[in-house]
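Chain residues, written in single-letter form:
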Amino acid sequence: MAESLNHRRRIETLEARVYVVETPPPVSSVSPERRRALFALVRKTVTTTALIIAALLSALKELGFLKP
């Protein structure tokens, strides 16, 4: 349950950051540090999501809900 809440918080943070990146800046462009931070968050989110899906599939196979 805590992992789900943590994952949801990461998704909300990612959505907020993507919104900031997609909206055109008023005067200056997005700094490289912010862009790197965003890509790091995207990479962590994708990795975490893939691991969660793999764990769920593995658990379902072990419990017999999915056939090997």
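Attention in this report is confined to the structure presented alongside it. This structure is a prediction, so every number in the text was calculated from the model and none was measured.

**What about the overall build of the protein chain?**
Phase 1: Counting its secondary structure elements, the protein chain contains 2 helices and 0 strands.
Phase 2: Split into buried and exposed, the 68 residues of the protein chain put 7% on the buried side.
Phase 3: Split by element, the accessible area of the protein chain, about 5900 Å² in all, is 64% carbon and sulfur.

**Details of the pattern of salt bridges**
Phase 1: Under the counting rule described, the total for this entry stands at 1 salt bridge.
Phase 2: A salt bridge links glutamate 12 to arginine 8; the nearest nitrogen and oxygen atoms lie 3.4 Å apart. Here glutamate 12 and its partner arginine 8 are both found in helix H1 (residues 2–22), 4 residues apart, which amounts to about one turn of the helix.
Phase 3: Using a relative accessible area of 43% as the deciding quantity, one classes glutamate 12 as partly exposed.

**Brief notes about the side chain of threonine 45**
Phase 1: Residue placement: threonine 45 occurs in helix H2 (residues 32–63).
Phase 2: A relative accessible area of 7% places threonine 45 in the buried class.
Phase 3: Reaching out from threonine 45, the side chain makes a polar contact with the backbone oxygen of leucine 41 at a distance of 2.8 Å.

**Considering H2**
Phase 1: Here H2 contains 32 residues, and its C-alpha end-to-end distance of 46 Å stays within 8% of the 46 Å for a straight helix at 1.5 Å per residue.
Phase 2: Taken residue by residue, H2 has Leu38, Leu41 and Thr45 as its buried positions.
Phase 3: Glycine 64 sits one or two positions beyond H2 and adopts a positive phi of about 90°.

Conventions and cut-offs
Residues numbered from 1 in each chain as written. Predicted model: local features only at pLDDT ≥ 70, side-chain atom pairs only at ≥ 80, totals over all residues. Heavy atoms only, no water. Helix = DSSP H or I, 4+ residues; strand = E, 2+ residues; numbered from the N terminus. Buried < 20%, exposed > 50% of the residue type's maximum accessible area, 1.4 Å probe, protein only. Areas by Shrake-Rupley, 256 points an atom, 1.4 Å probe, with all protein chains shown as cover. Salt bridge = Lys/Arg side-chain N within 4 Å of Asp/Glu carboxyl O. Polar contact = N/O pair within 3.5 Å; in protein donor to acceptor, adjacent residues only side chain to side chain. Expected span 1.5 Å × (residues − 1).

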